[in-house]
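Observations on chain architecture
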Amino acid sequence: MRSRKPTSSDVAAAAGVSRSAVSFAFNNPQRIAAATRERILSVAEDLGYRPSTLGRMLQAGTTNSIGVLFPQRLAQVMENPYYSRFLMGAGQVCDREGYTLLLTPPLQDSVLKAIPYAAVDGFIVCGLEVDRGEVAELDRRGIPFVLIDSDRHEGAPSVEVDDRGGAGEVARYLLELGHRRLAVLSIDPGPRVSERGYRGPLARRLAGIGDALADFGLDLSDVRLAEVPVTRTDGYRATRDLMAQPDPPTAIVALSDVLAYGAVDALQELAVDVPSEVSVTGFDDLAESAWFRPRLTTVRQPIVTKGRIAADFLISAIRGEDQHPHQMLGTSLIIRDSTAKPA
(Lines give C-alpha, C1' and ligand atoms only; values in the text may rest on other atoms or scores of the structure.)
Protein backbone atom coordinates (compact mmCIF):
# COMPACT_ATOMS: atom_id res chain seq x y z
CA MET A 1 0.00 0.00 0.00
CA ARG A 2 1.39 3.38 -1.03
CA SER A 3 2.21 5.79 1.76
CA ARG A 4 0.48 9.16 1.94
CA LYS A 5 2.28 12.04 0.27
CA PRO A 6 3.57 14.65 2.73
CA THR A 7 1.73 17.97 2.71
CA SER A 8 2.67 21.54 3.49
CA SER A 9 0.96 21.06 6.89
CA ASP A 10 3.37 18.19 7.67
CA VAL A 11 6.34 20.40 6.77
CA ALA A 12 4.98 23.26 8.87
CA ALA A 13 4.48 21.00 11.92
CA ALA A 14 7.94 19.43 11.62
CA ALA A 15 9.66 22.80 11.14
CA GLY A 16 7.64 24.57 13.83
CA VAL A 17 6.31 27.24 11.48
CA SER A 18 2.99 28.20 9.89
CA ARG A 19 1.73 26.91 6.52
CA SER A 20 2.14 30.46 5.20
CA ALA A 21 5.83 30.32 6.04
CA VAL A 22 6.16 27.08 4.06
CA SER A 23 4.45 28.75 1.10
CA PHE A 24 6.77 31.74 1.40
CA ALA A 25 9.81 29.47 1.50
CA PHE A 26 8.97 28.07 -1.93
CA ASN A 27 7.21 30.98 -3.62
CA ASN A 28 8.26 34.27 -1.92
CA PRO A 29 11.55 33.60 -0.09
CA GLN A 30 12.18 37.33 0.43
CA ARG A 31 9.28 37.43 2.90
CA ILE A 32 10.94 35.22 5.56
CA ALA A 33 14.34 35.08 7.22
CA ALA A 34 17.01 33.14 5.36
CA ALA A 35 17.62 30.81 8.32
CA THR A 36 13.89 29.99 8.55
CA ARG A 37 13.73 29.25 4.85
CA GLU A 38 16.75 26.95 5.04
CA ARG A 39 15.15 25.06 7.95
CA ILE A 40 11.88 24.66 6.04
CA LEU A 41 13.62 23.46 2.86
CA SER A 42 15.71 20.99 4.87
CA VAL A 43 12.60 19.54 6.58
CA ALA A 44 10.78 19.36 3.22
CA GLU A 45 13.72 17.45 1.75
CA ASP A 46 13.75 14.99 4.65
CA LEU A 47 10.01 14.38 4.34
CA GLY A 48 10.11 14.12 0.54
CA TYR A 49 7.70 17.03 0.12
CA ARG A 50 7.35 18.69 -3.29
CA PRO A 51 5.04 21.69 -3.76
CA SER A 52 2.24 21.40 -6.30
CA THR A 53 3.27 22.95 -9.58
CA LEU A 54 -0.36 23.64 -10.45
CA GLY A 55 -0.91 25.31 -7.09
CA ARG A 56 2.07 27.56 -7.60
CA MET A 57 0.81 28.51 -11.07
CA LEU A 58 -2.64 29.33 -9.74
CA GLN A 59 -1.14 31.43 -6.98
CA ALA A 60 1.04 33.33 -9.43
CA GLY A 61 -1.84 33.72 -11.91
CA THR A 62 0.32 32.56 -14.82
CA THR A 63 1.42 29.24 -16.32
CA ASN A 64 4.12 30.41 -18.75
CA SER A 65 2.39 28.16 -21.25
CA ILE A 66 0.41 28.87 -24.41
CA GLY A 67 -2.14 26.54 -25.96
CA VAL A 68 -2.77 25.70 -29.60
CA LEU A 69 -6.50 25.09 -29.99
CA PHE A 70 -7.39 22.69 -32.80
CA PRO A 71 -10.84 21.86 -34.23
CA GLN A 72 -9.63 18.36 -35.23
CA ARG A 73 -8.76 15.36 -33.15
CA LEU A 74 -5.09 15.08 -32.26
CA ALA A 75 -4.52 11.99 -34.43
CA GLN A 76 -5.73 13.90 -37.49
CA VAL A 77 -3.63 16.94 -36.59
CA MET A 78 -0.46 14.87 -36.26
CA GLU A 79 -1.13 13.17 -39.60
CA ASN A 80 -0.79 16.50 -41.40
CA PRO A 81 2.86 17.68 -41.71
CA TYR A 82 1.56 21.24 -42.09
CA TYR A 83 1.07 21.40 -38.32
CA SER A 84 4.59 20.21 -37.51
CA ARG A 85 5.91 23.15 -39.54
CA PHE A 86 3.49 25.57 -37.89
CA LEU A 87 4.38 24.32 -34.41
CA MET A 88 8.08 24.64 -35.25
CA GLY A 89 7.59 28.38 -35.75
CA ALA A 90 5.52 28.77 -32.59
CA GLY A 91 8.03 26.66 -30.66
CA GLN A 92 10.93 28.89 -31.68
CA VAL A 93 9.23 31.83 -29.98
CA CYS A 94 8.33 29.77 -26.91
CA ASP A 95 11.97 28.69 -26.54
CA ARG A 96 13.10 32.30 -26.79
CA GLU A 97 10.53 33.66 -24.34
CA GLY A 98 10.55 30.81 -21.80
CA TYR A 99 7.07 29.45 -22.55
CA THR A 100 5.88 25.89 -23.02
CA LEU A 101 3.42 24.81 -25.72
CA LEU A 102 0.27 22.79 -25.01
CA LEU A 103 -1.68 21.09 -27.82
CA THR A 104 -5.42 21.37 -27.13
CA PRO A 105 -7.68 19.22 -29.32
CA PRO A 106 -11.44 18.81 -28.78
CA LEU A 107 -12.53 17.21 -25.51
CA GLN A 108 -15.30 14.66 -26.07
CA ASP A 109 -15.61 16.05 -29.62
CA SER A 110 -16.10 19.58 -28.27
CA VAL A 111 -13.54 22.37 -28.61
CA LEU A 112 -15.64 24.43 -26.20
CA LYS A 113 -15.28 21.79 -23.47
CA ALA A 114 -11.49 21.72 -23.89
CA ILE A 115 -10.95 25.40 -23.08
CA PRO A 116 -11.48 25.34 -19.28
CA TYR A 117 -9.20 22.32 -18.84
CA ALA A 118 -6.17 23.86 -20.54
CA ALA A 119 -3.83 25.48 -17.98
CA VAL A 120 -2.45 28.13 -20.33
CA ASP A 121 -2.08 31.91 -20.42
CA GLY A 122 -3.58 32.21 -23.91
CA PHE A 123 -4.46 30.34 -27.10
CA ILE A 124 -3.43 30.22 -30.72
CA VAL A 125 -6.78 29.34 -32.30
CA CYS A 126 -6.43 27.37 -35.56
CA GLY A 127 -9.13 27.29 -38.21
CA LEU A 128 -12.21 28.31 -36.20
CA GLU A 129 -14.82 30.74 -37.54
CA VAL A 130 -15.02 33.97 -35.56
CA ASP A 131 -18.73 33.55 -34.82
CA ARG A 132 -18.36 30.13 -33.21
CA GLY A 133 -19.00 29.64 -29.51
CA GLU A 134 -15.33 28.98 -28.73
CA VAL A 135 -14.27 32.48 -29.77
CA ALA A 136 -17.15 34.01 -27.77
CA GLU A 137 -16.12 31.92 -24.75
CA LEU A 138 -12.51 33.11 -24.94
CA ASP A 139 -13.78 36.70 -25.14
CA ARG A 140 -16.09 36.12 -22.15
CA ARG A 141 -13.30 34.65 -20.03
CA GLY A 142 -10.87 37.40 -21.01
CA ILE A 143 -8.31 34.86 -22.26
CA PRO A 144 -5.85 36.31 -24.79
CA PHE A 145 -5.97 34.58 -28.16
CA VAL A 146 -4.75 34.86 -31.73
CA LEU A 147 -6.73 33.63 -34.74
CA ILE A 148 -4.98 31.60 -37.44
CA ASP A 149 -6.55 30.61 -40.77
CA SER A 150 -9.81 32.32 -39.91
CA ASP A 151 -11.61 35.56 -40.67
CA ARG A 152 -10.59 38.74 -38.89
CA HIS A 153 -11.98 39.52 -35.45
CA GLU A 154 -11.79 43.05 -34.09
CA GLY A 155 -11.11 41.81 -30.55
CA ALA A 156 -8.02 39.69 -31.27
CA PRO A 157 -4.83 39.59 -33.34
CA SER A 158 -4.87 37.37 -36.43
CA VAL A 159 -2.51 35.90 -39.00
CA GLU A 160 -3.48 34.65 -42.45
CA VAL A 161 -1.96 34.04 -45.86
CA ASP A 162 -3.11 35.23 -49.27
CA ASP A 163 -5.27 32.14 -49.85
CA ARG A 164 -7.30 33.74 -52.63
CA GLY A 165 -4.29 34.96 -54.55
CA GLY A 166 -2.40 31.68 -54.17
CA ALA A 167 -5.27 29.43 -55.25
CA GLY A 168 -6.10 31.76 -58.12
CA GLU A 169 -2.51 31.69 -59.34
CA VAL A 170 -2.25 27.90 -59.47
CA ALA A 171 -5.68 27.52 -61.12
CA ARG A 172 -4.81 30.16 -63.70
CA TYR A 173 -1.53 28.37 -64.44
CA LEU A 174 -3.40 25.13 -65.21
CA LEU A 175 -5.93 26.94 -67.38
CA GLU A 176 -3.13 28.64 -69.32
CA LEU A 177 -1.61 25.22 -69.95
CA GLY A 178 -4.88 24.33 -71.66
CA HIS A 179 -6.74 22.34 -69.00
CA ARG A 180 -10.51 22.73 -68.94
CA ARG A 181 -11.62 19.60 -67.09
CA LEU A 182 -10.53 20.53 -63.56
CA ALA A 183 -11.34 18.86 -60.27
CA VAL A 184 -10.77 20.37 -56.83
CA LEU A 185 -9.90 18.30 -53.77
CA SER A 186 -11.32 20.64 -51.17
CA ILE A 187 -10.90 20.74 -47.40
CA ASP A 188 -14.00 19.34 -45.68
CA PRO A 189 -16.06 22.41 -44.63
CA GLY A 190 -18.00 20.56 -41.92
CA PRO A 191 -21.64 19.54 -41.60
CA ARG A 192 -23.17 23.04 -41.48
CA VAL A 193 -21.83 24.30 -44.83
CA SER A 194 -25.33 24.35 -46.39
CA GLU A 195 -26.53 26.94 -43.86
CA ARG A 196 -23.29 28.82 -43.18
CA GLY A 197 -21.59 28.66 -46.57
CA TYR A 198 -17.84 28.34 -47.05
CA ARG A 199 -15.75 30.24 -44.49
CA GLY A 200 -12.17 31.30 -43.83
CA PRO A 201 -9.28 29.99 -45.96
CA LEU A 202 -11.51 27.51 -47.80
CA ALA A 203 -13.85 30.28 -48.96
CA ARG A 204 -10.88 32.40 -50.03
CA ARG A 205 -9.20 29.57 -51.94
CA LEU A 206 -12.40 28.65 -53.77
CA ALA A 207 -12.94 32.34 -54.56
CA GLY A 208 -9.42 32.49 -56.02
CA ILE A 209 -10.14 29.48 -58.23
CA GLY A 210 -13.38 31.18 -59.27
CA ASP A 211 -11.43 34.33 -60.20
CA ALA A 212 -9.17 32.32 -62.49
CA LEU A 213 -12.05 30.41 -64.07
CA ALA A 214 -13.90 33.66 -64.80
CA ASP A 215 -10.93 34.86 -66.86
CA PHE A 216 -11.54 31.88 -69.16
CA GLY A 217 -15.32 32.14 -69.35
CA LEU A 218 -15.91 29.43 -66.72
CA ASP A 219 -17.07 29.28 -63.11
CA LEU A 220 -17.02 26.86 -60.18
CA SER A 221 -20.04 24.98 -61.54
CA ASP A 222 -17.73 23.79 -64.34
CA VAL A 223 -15.40 22.18 -61.80
CA ARG A 224 -15.87 18.89 -59.95
CA LEU A 225 -15.56 19.49 -56.23
CA ALA A 226 -14.74 16.77 -53.70
CA GLU A 227 -14.87 17.82 -50.04
CA VAL A 228 -12.73 15.54 -47.87
CA PRO A 229 -10.78 15.54 -44.59
CA VAL A 230 -7.16 16.59 -45.01
CA THR A 231 -5.49 13.17 -45.03
CA ARG A 232 -3.50 11.37 -47.69
CA THR A 233 -5.94 8.46 -47.55
CA ASP A 234 -8.92 10.73 -48.24
CA GLY A 235 -7.09 12.36 -51.14
CA TYR A 236 -6.51 8.90 -52.55
CA ARG A 237 -10.14 7.82 -52.16
CA ALA A 238 -11.55 11.01 -53.65
CA THR A 239 -9.28 10.75 -56.68
CA ARG A 240 -10.29 7.13 -57.29
CA ASP A 241 -13.91 8.30 -57.31
CA LEU A 242 -13.19 11.23 -59.64
CA MET A 243 -11.34 9.06 -62.16
CA ALA A 244 -14.20 6.54 -62.22
CA GLN A 245 -16.65 9.18 -63.51
CA PRO A 246 -17.30 9.95 -67.19
CA ASP A 247 -14.90 12.53 -68.68
CA PRO A 248 -12.46 12.42 -65.73
CA PRO A 249 -10.39 15.52 -65.01
CA THR A 250 -7.14 16.31 -66.78
CA ALA A 251 -6.00 18.37 -63.77
CA ILE A 252 -6.58 18.04 -60.03
CA VAL A 253 -6.25 21.11 -57.82
CA ALA A 254 -5.70 19.90 -54.25
CA LEU A 255 -6.13 22.54 -51.56
CA SER A 256 -3.38 20.96 -49.46
CA ASP A 257 -0.19 19.08 -50.33
CA VAL A 258 -1.33 16.11 -48.25
CA LEU A 259 -4.42 15.70 -50.45
CA ALA A 260 -2.23 16.02 -53.54
CA TYR A 261 0.02 13.18 -52.34
CA GLY A 262 -3.05 10.97 -52.02
CA ALA A 263 -4.20 11.98 -55.51
CA VAL A 264 -0.88 10.95 -57.02
CA ASP A 265 -1.00 7.66 -55.09
CA ALA A 266 -4.38 6.89 -56.66
CA LEU A 267 -3.36 7.88 -60.18
CA GLN A 268 -0.21 5.78 -60.04
CA GLU A 269 -2.23 2.80 -58.83
CA LEU A 270 -4.61 3.31 -61.78
CA ALA A 271 -1.62 3.46 -64.17
CA VAL A 272 -2.48 7.06 -65.05
CA ASP A 273 0.69 9.02 -65.73
CA VAL A 274 1.33 12.24 -63.83
CA PRO A 275 1.62 14.74 -65.48
CA SER A 276 1.24 13.60 -69.12
CA GLU A 277 -2.31 12.31 -68.54
CA VAL A 278 -3.38 14.16 -65.39
CA SER A 279 -1.70 17.15 -63.74
CA VAL A 280 -1.80 17.50 -59.94
CA THR A 281 -1.15 20.59 -57.80
CA GLY A 282 -1.07 21.20 -54.05
CA PHE A 283 -1.14 24.04 -51.56
CA ASP A 284 1.42 24.53 -48.73
CA ASP A 285 4.81 23.46 -50.18
CA LEU A 286 5.66 21.02 -47.42
CA ALA A 287 9.25 19.75 -47.32
CA GLU A 288 8.23 16.43 -48.89
CA SER A 289 6.83 18.16 -51.98
CA ALA A 290 10.32 18.98 -53.28
CA TRP A 291 11.39 15.31 -53.38
CA PHE A 292 8.03 13.60 -53.87
CA ARG A 293 7.81 11.80 -57.22
CA PRO A 294 6.84 13.51 -59.37
CA ARG A 295 8.00 16.65 -57.59
CA LEU A 296 4.85 18.55 -56.71
CA THR A 297 3.75 21.83 -58.25
CA THR A 298 2.20 23.73 -55.37
CA VAL A 299 1.48 27.06 -53.71
CA ARG A 300 4.07 27.95 -51.11
CA GLN A 301 2.86 29.57 -47.91
CA PRO A 302 5.30 30.57 -45.12
CA ILE A 303 4.07 28.06 -42.54
CA VAL A 304 6.94 28.37 -40.04
CA THR A 305 6.78 32.16 -40.24
CA LYS A 306 3.02 32.03 -39.63
CA GLY A 307 3.56 30.00 -36.46
CA ARG A 308 6.29 32.34 -35.29
CA ILE A 309 4.20 35.49 -35.82
CA ALA A 310 1.20 33.88 -34.12
CA ALA A 311 3.21 33.08 -31.00
CA ASP A 312 4.78 36.55 -30.97
CA PHE A 313 1.34 38.18 -31.20
CA LEU A 314 -0.03 35.98 -28.44
CA ILE A 315 2.79 36.57 -25.97
CA SER A 316 2.50 40.31 -26.62
CA ALA A 317 -1.23 40.07 -25.90
CA ILE A 318 -0.57 38.12 -22.69
CA ARG A 319 1.81 40.85 -21.56
CA GLY A 320 -0.74 43.56 -22.32
CA GLU A 321 1.29 44.98 -25.21
CA ASP A 322 -1.15 43.96 -27.93
CA GLN A 323 -3.09 46.36 -30.15
CA HIS A 324 -4.88 43.58 -32.07
CA PRO A 325 -2.53 43.54 -35.07
CA HIS A 326 -3.32 41.66 -38.26
CA GLN A 327 -0.71 40.10 -40.53
CA MET A 328 -1.29 38.98 -44.13
CA LEU A 329 1.49 36.77 -45.52
CA GLY A 330 2.13 36.30 -49.23
CA THR A 331 2.15 33.09 -51.28
CA SER A 332 4.03 32.02 -54.38
CA LEU A 333 3.50 29.41 -57.10
CA ILE A 334 6.24 26.75 -57.18
CA ILE A 335 6.23 24.94 -60.54
CA ARG A 336 7.73 21.46 -60.50
CA ASP A 337 7.17 18.16 -62.33
CA SER A 338 3.55 17.23 -61.55
CA THR A 339 1.98 19.55 -64.14
CA ALA A 340 2.03 19.67 -67.94
CA LYS A 341 -0.19 20.56 -70.89
CA PRO A 342 -3.16 18.21 -71.33
CA ALA A 343 -2.61 15.33 -73.70
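Everything here concerns the structure above.
Quick caveat: nothing in here was measured; it's all calculated off a predicted structure.

Cut-offs and rules
- Residues numbered from 1 in each chain as written.
- Predicted model: local features only at pLDDT ≥ 70, side-chain atom pairs only at ≥ 80, totals over all residues.
- Heavy atoms only, no water.
- Axes fitted to C-alpha atoms, helices over the stretch in contact; angles between N-to-C directions.
- Helix = DSSP H or I, 4+ residues; strand = E, 2+ residues; numbered from the N terminus.
- Parallel < 35°, antiparallel > 145°, perpendicular 65-115°, else oblique.
- Left-handed = near helix turned anticlockwise from the far one by under 90°.
- Contact = heavy atoms within 4.5 Å.
- Nonpolar A, V, L, I, M, F, W, Y, C, P; charged D, E, K, R; others polar.
- Pairing = 2+ DSSP bridges.
- Expected span 1.5 Å × (residues − 1).

Where helix 12 (residues 232-243) meets helix 13 (residues 257-269), the axes come as close as 7 Å, and the angle between the chain directions of the two elements is 50°. As the angle between them shows, helix 12 and helix 13 are arranged oblique. Considering only the axes of helix 12 and helix 13, their crossing is right-handed. Touching Arg 232, Gly 235, Tyr 236, Thr 239, Arg 240 and Met 243 of helix 12 are Val 258, Leu 259, Tyr 261, Gly 262, Ala 263, Asp 265, Ala 266, Leu 267 and Glu 269, all from helix 13. Taken together, the residues of the contact of helix 12 with helix 13 sort by class into eight nonpolar, three polar and four charged.

Turning to unusual backbone geometry, a few remarks are in order. Cis geometry is adopted by the peptide bond preceding Pro 275, which originates at Val 274 and carries an omega value of 15°. Structurally, Pro 275 is set in the loop between helix 13 and strand 9 (279-284). Of note, the bond from Arg 293 into Pro 294 is cis; its omega dihedral lies within 30 degrees of zero at -5°. With respect to the element layout, Pro 294 can be found in the loop between strand 9 and strand 10 (297-300). Phi angles above zero are rare outside glycine, and Asp 109 is one such case at about 65°. You can see Asp 109 is positioned in the loop between strand 2 (100-104) and helix 7 (111-114).

For Leu 69, the position within the fold is in strand 1 (residues 65-69). For the pair formed by Leu 69 and Gly 122, sequence separation is 53 residues and the distance between their alpha carbons is 9.8 Å. When sequence neighbours within four positions are dropped, the list of residues in contact with Leu 69 reads Thr 104, Val 111, Ile 115, Phe 123, Ile 124, Val 125, Cys 126 and Leu 128.

Let us now look at the sheet that holds strand 4 (residues 145-148). Pairing in this open sheet of six strands is parallel, and the strands run 2-1-3-4-5-11 from one edge to the other. Both outer strands of the open sheet, strand 2 and strand 11 (326-329), are each paired with one neighbouring strand and no more. When the angles between neighbouring strand axes are averaged without regard to direction, this sheet yields 20°. Contacts between helix 8 (residues 133-141) and the sheet are confined to strand 3 (122-126) and strand 4, with strand 4 contributing the most and set at about 160° to the helix.

What follows covers helix 14 (residues 303-318). With 16 residues, helix 14 should reach 22 Å at 1.5 Å per residue; the first-to-last C-alpha distance of 23 Å fits that figure. Residue Gly 320 follows helix 14 closely and has a positive phi angle near 80°.

Looking now at the sheet that holds strand 8 (residues 251-254). Spatially, 7-6-8-9-10-12 is the arrangement adopted by the six strands of the open sheet, whose pairing is mixed. Both edges of this open sheet fall to strand 7 (224-228) and strand 12 (332-334), since each of them pairs with a single strand only. Averaged over all pairs of adjacent strands, the angle between strand axes in this sheet comes to 20°, irrespective of strand direction. The pairing of strand 9 with strand 10 spans four bridges and is parallel. Residue Thr 281 lies in a different strand from strand 10, and its bridge partner there is Thr 297.

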